[in-house]
Structures are given as structure tokens and as C-alpha cells.
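What follows is each chain in one-letter form.
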Amino acid sequence: MHNLAKSIPAPNRRVAHPTLVVETIPTFRRAQLLDVLQICALVNGYASEKLMLPRTTEEVALELDNYVVTSDTDGRVLACAAIYEYSPSVAELASVAVDETMIGNGLGTQAVLAAERLAIGRGFEELFAMSLAGAFFESLGYAETPLAGYPEKLARYGMLVASGVEIVPKRCYTKTLVVV
Ligand SMILES: CC(C)(COP(=O)(O)OP(=O)(O)OC[C@H]1O[C@@H](n2cnc3c(N)ncnc32)[C@H](O)[C@@H]1OP(=O)(O)O)[C@@H](O)C(=O)NCCC(=O)NCCS
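Since we're looking at a predicted model, the values are computed, not measured.

Peer 1: Quick question: what am I supposed to make of the pattern of salt bridges here?
Peer 2: As a working rule, side chains carrying opposite charge can pair if their charged atoms are close by. Throughout the structure, instances matching the rule amount to nine salt bridges. For Lys153, the salt bridge goes to Glu92, with nearest N and O atoms at 2.9 Å. With Lys153 in helix α6 (residues 151–162) and Glu92 in strand β4 (residues 90–98), the pair connects residues that are 61 residues apart, well separated along the chain. Lys153 gets classed as buried once you look at its relative accessible area, which sits at 3%. One continuous salt-bridge network, built from bridges that share partners, spans Arg30, Asp65 and Arg122.

What follows is the structure, given as C-alpha cells:
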């Protein structure tokens, strides 16, 4: 039988290549001063929906070293997360937020993982987070725990409420950090 494919010179033969799909994992970096206003806008947008606590630009600027962000090529912050020291071995994971247009693409997961790497690098052994998004934190290995285990956090809530900040009761989640 005549083999047509073999009779066509190799350079002219059309070969079907499988499509190569490259999924890029977003790079999270430490936040810079230029990011402060955008971090505040991102966090305070959700704070206005009572999903998270509001942050002032002064607070974010002072704690900038504790924030991780990812941004697009124009420098627009797409997601952020922060760690706040609670004790020498425990930190609070806070301000985990993803731009509304990017939700559901894994950025939240990557933000938490970047914050965990930062926490491990600082020697923390445990993170806890206050959230209404329980399934999100559980998907990342966090387990619900009583807030009573963090009395200083309870006291801070008390102070915020006393100063007029409306706080929606959230659940508390914790994770023991493992160095891999
Ligand atoms: C919560 C938030 C950070 C998740 O970011 P995201 O990029 O959409 O999350 P991911 O794509 O990484 O989702 C990971 C998993 O968590 C789940 N998840 C995401 N958002 C969730 C939410 N609000 N509630 C419950 N589960 C959620 C997803 O379904 C996904 O599960 P799957 O892997 O089984 O599909 C984002 O929705 C957000 O910014 N929300 C508003 C602020 C907020 O609530 N922050 C959290 C606590 S302070």
C-alpha cells in the first residue's frame, strides 16, 4: 500500500502537536509603599461589607513588612494577605483579600501560602485567622478553634466595638505550620 505521509518531504508534512498549556502560578512579593493605597482599597472594600476589619493607610504603612501582595504588569494589586504577631510563636493571618474580578482563580490560596512562608521565615509555629469564609480556610488545612484561645484578640475586638466599629461575629481557624 502506498504510504502518502512517507512520500511527502518532511519539511512540508503537517504534524499535529499537542497544545501546550502553561499555567503560571502568581508570584507573591513583600508589599511596598507604592502598594499601600491599593491594599487599603482592597481590604476596606470588603470591610464595608463586614467581611473583614478595616485598615487605615497608616496601619498598613506601619505594618507593610508583614504584607504579601501580587500585582499585574501595571502594578495593580490583585490580592494580599498579612501576618500580625500575636505571641513569639503565634501570628494572626489577616487581610486575606482578592480583587473581585479575580475571585475563584486560586489567588486567595496563593496569598495564604505566601503569608505562611513569611510566617515560617519569621519563626512562627502557628497561624490563626478570623473569618466568615470557613470552607476557604479549611481547604488550606485550617481547623476551627474557640476564639477563647486568643484572649488578646478578644480584647482587641472589645476595644474596636467600644470605638464604634461594627463587628460581625466570625469563626476562628488555626493551623500549625510545618517547615517542608
Ligand atoms: C476568601 C477569598 C480570599 C478567597 O479567594 P479566592 O482566590 O477566590 O479563593 P481560591 O480560588 O483560592 O479558593 C480556594 C477554595 O476556597 C473556596 N472558597 C473561596 N472563597 C470562599 C468563601 N468566601 N467562602 C467559602 N469558601 C470559599 C473555593 O471554593 C475553593 O475551594 P475548591 O478548591 O474546593 O474549589 C476571596 O473570596 C475574598 O477576597 N473574599 C473577601 C474577603 C474575605 O472574606 N477574606 C477572608 C477572610 S479575612
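That shown, we press on.
Peer 1: It is not clear to me how the side chain of Asp35 should be interpreted in this structure. Could you clarify?
Peer 2: With respect to the helices, strands and loops of the structure, Asp35 is situated in the loop between β1 (29–30) and α2 (36–47). Overall, the relative accessible area of 3% leaves Asp35 in the buried class. Ignoring sequence-local partners within four residues, the contact set of Asp35 consists of Arg29, Val69 and Val77.

Peer 1: Sorry if this is basic, but what is going on with the layout of surface pockets here?
Peer 2: With a probe scaled to a water molecule rolled over the atoms, the places where space remains empty come into view. Its boundaries defined by the atoms lining it, the largest pocket holds a volume of some 580 Å³. In terms of lining residues, the largest pocket is bounded by 29 residues, among which Met52, Val96, Ala97, Ser131 and Ala133 are the most central. For the lining of the largest pocket, the secondary-structure elements that each account for two or more residues are β4, α4 (107–121), β5 (126–131), α5 (134–138) and α6. Top element by residues in the lining of the largest pocket is β4. It accounts for seven residues. Residues that form the lining of the largest pocket fall into these classes: 18 nonpolar, seven polar and four charged. Taken as a whole, the second largest pocket holds about 210 Å³ of empty space. Along the walls of the second largest pocket sit Arg55, Glu59, Glu63, Tyr84, Glu85, Tyr86, Glu92, Phe128, Glu152, Lys153 and Arg156, which together make up its complete lining. If you list the elements that add at least two residues to the lining of the second largest pocket, you get β3 (77–85) and α6.

Definitions and cut-offs
- Residues numbered from 1 in each chain as written.
- Predicted model: local features only at pLDDT ≥ 70, side-chain atom pairs only at ≥ 80, totals over all residues.
- Heavy atoms only, no water.
- Salt bridge = Lys/Arg side-chain N within 4 Å of Asp/Glu carboxyl O.
- Helix = DSSP H or I, 4+ residues; strand = E, 2+ residues; numbered from the N terminus.
- Buried < 20%, exposed > 50% of the residue type's maximum accessible area, 1.4 Å probe, protein only.
- Contact = heavy atoms within 4.5 Å.
- 1 Å grid on protein atoms, 1.4 Å probe; cavity = no way out; pocket = protein on both sides within 12 Å on 5 of 7 lines; lining within 4 Å.
- Points joined across faces, edges and corners; volume = space filled by probe spheres on them.
- Nonpolar A, V, L, I, M, F, W, Y, C, P; charged D, E, K, R; others polar.

Read these as spatial facts, not as claims about activity.
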